[in-house]
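Read off the chains here:
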2 protein chains.
Amino acid sequence: MQLKSSAEQREAFHTSCRRHGLRITPQREVIYDVLCHSGTHPTAEEMHRLIRKRYPSMSLDTVNRALLTFARIGLAEVVEGYGSPRRFDANLAMHHHVHCLQCGMILDFSDPTYDALEIPASLKKQFTILGHKVVLTGICRECREKENRKR
Amino acid sequence: MQLKSSAEQREAFHTSCRRHGLRITPQREVIYDVLCHSGTHPTAEEMHRLIRKRYPSMSLDTVNRALLTFARIGLAEVVEGYGSPRRFDANLAMHHHVHCLQCGMILDFSDPTYDALEIPASLKKQFTILGHKVVLTGICRECREKENRKR
DNA sequence: ATGTTTGCAAATAGTTTGCATCCAG
DNA sequence: CTGGATGCAAACTATTTGCAAACAT
């Protein structure tokens, strides 16, 4: 996904790194650039494969660490998926989720407005839509209080 | 999450197993029961820990296999999370996702109606909500066509 | 100069596979 | 009885950690 012009992209990257006291290394620049131009929400492994074409000496660890660092400083996001450790749910009725970003807890809630959401017609052409769910992200009360106590 | 009365639960379990030609084993019964009564979207490991109290000889593999089987026959769902392999995204603007359940592909889309979704007031008390996203699930065109060709 | 970042290697976590034994049907 | 299910062990995949060398500041 090309989100920003190259110039804007570089700008965002440098600003963010400087603000967090991180060094600007050629590896990180390449990793961020490839991530910005990729439309597929790549895994570290996929990124590494792509990057190796341009930068054969880069190690997978560096890619992994850079991506985690980007997520930590808000330059990128970790996207929801169905990987491990897998979480299971026997509640098959329509419901929605709140994720605590701190402790990983997932809470169910129901909301008739959310249940009734319309699926955009343009998507129905490309996908056979089987379900939908609203995912809220935030910090749960417990983690919030833990955080407050620390300060 | 207690979803169903024990009787309904047993009923759903037996019907589903029979329909799919699966044997009803004591292990599977316990695993399904624990899953139904758990409100936390447990991982296989967490389930195993819980189950061991009641059924000390059960192996983690059995729990894992049973949960995957339940998901396959529609008795349970795998819930979205941020586990491995982690997928990253540099698109920080509000957007939404369609997941292909077959190939795992994640597509971005935008939708102003979805962007403007109100957060239920009751949740705001318990959570500091930082973001929201609509996640659609289905089968992408490619996978649908692949499936059609097979038949 | 100096302290962060890198690349490699080893450790770990979660999952999957192979296989002999067991048991539901 | 018999094939599917279980439990164990080994293989595998993704990730994390420890550490010496490299390099951004």
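Here, every reference points to the structure presented above.
Quick look at the structure, then.

Definitions and cut-offs
Residues numbered from 1 in each chain as written. Chains lettered and ligands numbered in written order. Predicted model: local features only at pLDDT ≥ 70, side-chain atom pairs only at ≥ 80, totals over all residues. Heavy atoms only, no water. Contact = heavy atoms within 4.5 Å. Buried area = accessible area lost by both parts, 1.4 Å probe. Salt bridge = Lys/Arg side-chain N within 4 Å of Asp/Glu carboxyl O. Polar contact = N/O pair within 3.5 Å; in protein donor to acceptor, adjacent residues only side chain to side chain. Helix = DSSP H or I, 4+ residues; strand = E, 2+ residues; numbered from the N terminus. Nonpolar A, V, L, I, M, F, W, Y, C, P; charged D, E, K, R; others polar. Pairing = 2+ DSSP bridges. Near = heavy atom within 4 Å. Least-squares fit on C-alpha atoms with pLDDT ≥ 70 in both. Axes fitted to C-alpha atoms, helices over the stretch in contact; angles between N-to-C directions. Parallel < 35°, antiparallel > 145°, perpendicular 65-115°, else oblique. Left-handed = near helix turned anticlockwise from the far one by under 90°.

Here the focus is the interface of chain B and chain A. Each partner contributes residues to the interface: chain B has 72 residues there, and chain A has 72 residues. Where chain B abuts chain A, roughly 6,700 Å² becomes buried across the two surfaces, and 60% of that area is made up of carbon and sulfur atoms. Seen at the junction of chain B and chain A, the total is two salt bridges. Residue E46 of chain A pairs with R87 of chain B through a salt bridge whose shortest N-O separation is 3.6 Å. On the surface where chain B and chain A come into contact, there are 34 residue pairs in polar contact (both at pLDDT 80 or more). With 14 residues, the top contributor of residues to the side of chain B that touches chain A is strand β5 (residues 127-140) of chain B. When the residues that make up the side of chain B that touches chain A are grouped by side-chain class, the tally is 38 nonpolar, 19 polar and 15 charged. Strand direction decides the pairing type here: strand β2 (residues 87-89) of chain A and strand β1 (residues 77-79) of chain B, joined by three bridges, are antiparallel. Looking at the pairing, R87 of chain A lines up with V79 of chain B of β1 of chain B.

Right, let's get into the protein's contact with DNA strand D. Close to DNA strand D lie 21 residues; R23, D61, T62, R65 and R86 of chain B are nearest. Of everything in DNA strand D that lies within 4 Å of the protein, sugar and phosphate atoms constitute 68%. Here R23 of chain B contributes a side-chain N or O atom positioned 2.4 Å from a base nitrogen of DNA strand D. Within the contact set of DNA strand D, a base nitrogen lies 2.6 Å away from a side-chain nitrogen or oxygen of R65 of chain B. Secondary structure elements with two or more residues in the surface near DNA strand D: α4 (60-72) of chain A together with α2 (26-37) and α4 (60-72) of chain B.

If you rotate chain B by 180° and push it 0.0 Å along the axis, it lands on chain A with an RMSD of 0.0 Å. Both copies of the chain, as the preceding transformation shows, are related through a two-fold rotation axis. Comparing interface residues between copies, 100% of those in chain B also lie at the interface in chain A; the contact surface is shared.

Turning our eyes to something else, we now look at the packing of helix α3 (residues 44-54) of chain A against α4 of chain A. Residues and elements named next belong to chain A. Between α3 and α4, the shortest axis-to-axis distance is 9 Å and the interhelical angle comes to 125°. The angle between α3 and α4 falls in the class oblique. Crossing angle aside, the handedness with which α3 passes α4 is right-handed. Facing α3, whose interface residues are A44, E45, M47, H48 and I51, α4 presents L60, V63, N64 and L67. Within the contact of α3 with α4, the residues separate by chemical class into six nonpolar, two polar and one charged.

Functional significance is not addressed by these values, which are geometric in nature.
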